[in-house]
Amino acid sequence: MSVRSHWDGDRARRAARGAIRQALPVMAEIVLDASDVLVPDLTGAMQDSGGTDVEGNVASAFYEAVYAPFQHERMDLHHDDGQAKFLELGAVHAVPQVRSELVASLRAALAGGGR
């Protein structure tokens, strides 16, 4: 019994890069959703200012409210609802879900199906 195989590394790299680019917006939304749960915001304005962006191979989640950096960094502020470091901790909490999204995209692309 013999087995023949052909590996097209360039094709696999292109498929993987495409899968990553396709998954980036979804992964950024996962991080934003996880952060939204932790946002200290009495009025909802800061949570409403959240968004995502993808430029090239970099995805980001952010809050545009002018006071978002202040609320994020000040560990000494009391929050009845939410907490400091909401974006940072949201990203940490989102790691398993982000990883699953990336793996699923890569599997589909490398199997030849795309997502």
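I will try to describe carefully the structure that is included in this document. A quick note: this is a predicted structure, and the numbers were derived from the prediction, not measured.

Reading the values: the criteria
Residues numbered from 1 in each chain as written. Predicted model: local features only at pLDDT ≥ 70, side-chain atom pairs only at ≥ 80, totals over all residues. Heavy atoms only, no water. Helix = DSSP H or I, 4+ residues; strand = E, 2+ residues; numbered from the N terminus. Rg over C-alpha atoms; globule rule 2.2 N^0.38 Å. Buried < 20%, exposed > 50% of the residue type's maximum accessible area, 1.4 Å probe, protein only. Contact = heavy atoms within 4.5 Å. Lys, Arg positive; Asp, Glu negative; His and termini not counted. Charge placed at Lys NZ, Arg CZ, Asp CG, Glu CD. Pairing = 2+ DSSP bridges. Phe/Tyr/Trp six-rings, centres within 6.5 Å; stacked < 30°, edge-to-face > 60°. Expected span 1.5 Å × (residues − 1). Bend = angle between axes of the 7 residues up to and from the residue.

Here we look at the overall build of the protein
Phase 1: A count of helical and extended segments in the protein gives four helices and two strands.
Phase 2: When the helices and strands of the protein are placed in sequence order, the string is α-α-β-β-α-α.
Phase 3: A globule of 115 residues ought to have a C-alpha radius of gyration of about 13 Å, yet the protein, at 19 Å, is considerably larger.
Phase 4: Each principal axis of the C-alpha atoms in the protein carries an extent, and together these give about 70 × 25 × 20 Å.
Phase 5: Taking all 115 residues of the protein together, the buried fraction comes to 34%.
Phase 6: The contacts in the protein between residues at least 6 apart in sequence include a share of 58% that link residues at least 24 apart.
Phase 7: Side-chain charges in the protein split into 11 positive and 16 negative, and the spacing between the mean points of these groups amounts to 20 Å.

A word on the pairing of strand E2 (residues 58-63)
Phase 1: Relative to E2, strand E1 (residues 50-55) is paired through six bridges, and the arrangement is antiparallel. If you follow Asp53 over to E2, its bridge partner there is Ser60.
Phase 2: What sits between E1 and E2 in their antiparallel hairpin is a turn of two residues, with Gly56 showing a positive phi close to 65 degrees.

So, the packing of aromatic side chains
Phase 1: All told, the structure shown has one aromatic pair when counted by the stated rule.
Phase 2: Taking the centre distance of 5.4 Å and the plane angle of 75 degrees together, the rings of Tyr63 and Phe86 count as edge-to-face. Taken together, the residues Tyr63 in strand E2 and Phe86 in helix H4 (residues 86-110) connect sequence positions 23 residues apart.
Phase 3: Note on Phe86: relative accessible area 1%, which makes it buried.

Re helix H1 (residues 9-36)
Phase 1: The terminal C-alpha atoms of H1, which comprises 28 residues, lie 40 Å apart, in line with the 40 Å expected from a rise of 1.5 Å per residue.
Phase 2: At Leu24, H1 is deflected by roughly 35 degrees, the largest bend along its length, and proline Pro25 occurs up to four residues later in sequence.

Observations regarding H4
Phase 1: Relative to the 36 Å expected for 25 residues at 1.5 Å per residue, H4 spans 35 Å between its end C-alpha atoms, a close match to the ideal helical length.
Phase 2: Those residues of H4 that fall on the buried side of the exposure criterion are Phe86, Gly90, Ala94, Val98, Glu101, Ser105, Ala108 and Ala109.
Phase 3: On its buried face, H4 is in contact with H1, helix H2 (45-48), E2 and helix H3 (68-73).
Phase 4: Just beyond H4, the residue with positive phi is Gly112, at close to 95 degrees.

Looking at unusual backbone geometry
Of all residues except glycine, most have a negative phi; of all peptide bonds, most are trans.
Phase 1: Even without being glycine, Lys85 reaches a positive phi, approximately 60 degrees.
Phase 2: A relative accessible area of 19% means that Lys85 is categorised as buried.

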